[in-house]
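# A look at the structure
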Amino acid sequence: MSKSKGLTKEQKKRLLQGVKDKGLSEDSVAGHVETSGGECYLTDSVGKTSLIKPQYIEVENLDDLKALAGNADQDYENGTMERHLHENLPDWDMAKSSHAPEALSAEENNNIVKAMKTYVYGHSSHVKSYKDVIHKHHFPMTLMAFSAENITVKSGDTLNVTSDSTPGAVADIGKLTIEEGGSINFEVHATWTVQEFVSE
């Protein structure tokens, strides 16, 4: 890993701890990365060049996914986060938990997806009846992971986060700079941990 530019010792420590917590090597951390004109990518999509080589994390269950990429229930309990998402879904009919997706209605399949998002990003207790069916339909799953000491999105450029094979991406970034007129477009669910964010 090359020497970080502009990161404090504590920021570098937190960056590397986040990488380690995901089971990834320090060698996976890119140095300084910047967009190079127009549409750029963090991706594993065929035919598109990624600014950083994606790593992959195998996630075995909902609780691991929530810990890795979601919001803690405690954040809702102590008022840090406001309750949102699909917390008023009807309780899941446990008799249908063993049914394949094609044996369920479109509404039931949609509710399972909504419940998974709420479990991970909202307060899990509101959709706990869906836990078994979510596991049967969606786990284990694979997520893309990216890490870099610095990422700069240049003025006029768009950094697209997309995938052909995974439902989401996680990233650990030391310093993220978005120049005026630059943007990031997420085409998959993504959770980024950024030590320092600069908007110019």
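Look up: the structure comes first, before these words.
Each residue is numbered by its place in its chain's sequence as written, counting from 1. Only residues with pLDDT of at least 70 get local features here, since the model is predicted, and only at 80 or more are side-chain atom pairs given and counted; chain-wide, interface and lining totals rely on the full set of residues. Side-chain measures here rest on the full set of heavy atoms in the structure, leaving out hydrogens and waters.

### Overview of the environment of Leu51
Structurally, the position occupied by Leu51 is in the loop between strand S2 (39-43) and strand S3 (55-59). Residue Leu51 is classed as partly exposed on the basis of its relative accessible area, which comes to 30%. Put simply, Leu51 and Gly6 are 45 residues apart on the chain and 20 Å apart in space, counted from C-alpha to C-alpha. If we skip the residues at most four places from it in the chain, Leu51 touches Val33, Glu34, Thr35, Cys40, Tyr41, Leu42 and Leu159. Put simply, DSSP marks the helices as runs of H or I at least four residues long and the strands as runs of E at least two long, and each gets a number from the N terminus on. Residue burial is assigned from relative accessible area. The probe radius is 1.4 Å, only protein chains are included, and a residue is buried under 20% of its type maximum, exposed over 50%, and partly exposed in between. For this analysis, residues touch if any pair of their heavy atoms sits within 4.5 Å.

### A few points about helix H5 (residues 131-138)
In an α-helix, one turn spans 3.6 residues; hence positions three or four apart end up facing the same way. Within H5, burial applies to Val133, Ile134 and His137. Across the axial projection of H5, the buried residues extend over an arc of 105°, all falling on one side. At its buried positions, H5 is contacted by helix H2 (62-69) and helix H4 (106-121). It is the directions from the helix axis to the C-beta atoms whose arc is reported.

### Some thoughts on the sheet that holds strand S5 (residues 158-162)
By this definition, two strands are paired if DSSP reports at least two bridges between them. As summarised here, the arrangement of the three strands in space is S2-S5-S7, forming an open sheet in which the pairing is parallel. The sheet is open, and its two borders are formed by S2 and strand S7 (183-186), each paired with just one other strand. Pairs of neighbouring strands in the sheet enclose a mean axial angle of 25°, with direction left out of account. In the sheet, S2 pairs with S5 via five bridges, with the strands oriented parallel. For Thr43, the partnering residue across the bridge sits in S5 and is Thr162. For helices, the fitted axis covers only the stretch in contact; all axes are lines through C-alpha atoms, and the angles between them, taken along N-to-C directions, range from 0 to 180 degrees.

### Things to note about the nonpolar core
We define the nonpolar core as a collection of buried residues of types Ala, Val, Leu, Ile, Met, Phe, Trp, Tyr and Cys that are connected through side-chain atoms lying within 4.5 Å of one another. Counting residues in hydrophobic clusters, the biggest one holds 28 residues, and the most contacted among them are Leu65, Tyr130, Ile134 and Phe139. When residues of this core are traced back to their parent elements, those giving at least two are helix H1 (9-21), S3, H2, H4, H5 and strand S4 (141-153). Looking at this core element by element, the count peaks at five residues for H4. Once residues lying within four places of it in the same chain are set aside, the contact partners of Leu65 are Val59, Gly70, Val120, Phe139, Met141 and Leu143. Counting residues in hydrophobic clusters, the runner-up holds 19 residues, among them Ala30, Ala171, Ile173 and Val188.

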